[in-house]
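Next come the chains, spelled out residue by residue.
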Amino acid sequence: MNITMLYSKLHRATVTDANLNYVGSITIDQTLLDAAHMRVGQKVDIVNVNNGERFSTYVISGEREKGEICLNGAAARKVHRGDKIIVIAYATMSEEEADNLLPKIVILDDENGIAQSFEGLS
């Protein structure tokens with residue numbers, strides 16, 4: 001049997017922009033993608049801490065070291081600049097793989113710099 005598990009997350013990212021006139025997705029600074037082991041095109045869930053919205057989209061890469069977190073297309077309606085969000089990536093794996101999984105957690109500061117990074121949930 002395969003199960004879906006938390007693979008990684010960017011915790012408390014600050015939305016820097018919301019661009020309604022774009023095809024869709026979330027633009028994330030490539031430095032943050034690397035830190036969280038996320039990939040361009042990967043499906044992610046977005047949780048808006050400010051208003052409780054939860055939705056899914058896919059990742060596109062933003063310029064390194066700019067701290068960009070921009071929701072594009074229809075998703076732009078679910079956030080405002082300055083909102084705190086959590087970007088969650090999942091992976092499907094066997095139960096044996098899940099037993100050994102240590103999710104990558106990246107906690108961000110108010111400027112989307114990496115405040116803390118670790119593996120595991122406990």
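Note that the coordinates shown come from a computational prediction; the quantities given were computed from them, not determined experimentally. (Residues numbered from 1 in each chain as written. Predicted model: local features only at pLDDT ≥ 70, side-chain atom pairs only at ≥ 80, totals over all residues. Heavy atoms only, no water.)

(A) Highlighting the environment of K104. The residue K104 is located in strand 8 (residues 104–108) in this model. Each C-alpha atom of the pair K104 and S117 lies 7.4 Å from the other, and the pair is 13 residues apart in sequence. Here K104 is in contact with Y7, S8, K9, A35, A36, H37, S117, F118 and E119, once residues within four sequence places are set aside. (Helix = DSSP H or I, 4+ residues; strand = E, 2+ residues; numbered from the N terminus. Contact = heavy atoms within 4.5 Å.)

(B) Seen up close, the pairing of strand 9 (residues 114–119). Taken together, the 5 bridges between strand 8 and strand 9 define a ladder with antiparallel strand orientation. Residue I105 lies in a different strand from strand 9, and its bridge partner there is F118. The hairpin formed by strand 8 and strand 9 contains 5 residues between the paired strands, and N112 there has a positive phi angle of roughly 65°. (Pairing = 2+ DSSP bridges.)

(C) Fine view of the nonpolar core. If you look at the biggest cluster of nonpolar residues, it comprises 23 residues, and the most contacted ones within it are L10, I26, I28, L71, I85 and V87. For this core, the secondary structure elements donating two or more residues are strand 1 (2–14), strand 3 (25–29), helix 1 (30–36), strand 4 (43–48), strand 5 (54–62), strand 6 (69–72), strand 7 (84–94) and strand 8. By residue number, the principal contributor to this core is helix 1, which donates 4 residues. Ranked by size, the runner-up nonpolar core spans 5 residues in total, among them V47, I86, I88 and I105. (Core = buried A, V, L, I, M, F, W, Y, C linked by side-chain atoms within 4.5 Å. Buried < 20%, exposed > 50% of the residue type's maximum accessible area, 1.4 Å probe, protein only.)

(D) Quick look at the environment of G52. In this structure, G52 sits in the loop between strand 4 and strand 5. Look at G52 and you get exposed, because its relative accessible area is 53%. As for G52 and I85, which are separated by 33 residues in sequence, their C-alpha atoms are 9.4 Å apart.

(E) Just the side chain of N112, in detail. Mapped onto the secondary structure, N112 falls in the loop between strand 8 and strand 9. Here the side chain of N112 touches G67 through a polar contact of 2.8 Å, landing on its backbone oxygen. Once residues lying within four places of it in the same chain are set aside, the contact partners of N112 are A13, T14, T16, L32, G67 and I69. (Polar contact = N/O pair within 3.5 Å; in protein donor to acceptor, adjacent residues only side chain to side chain.)

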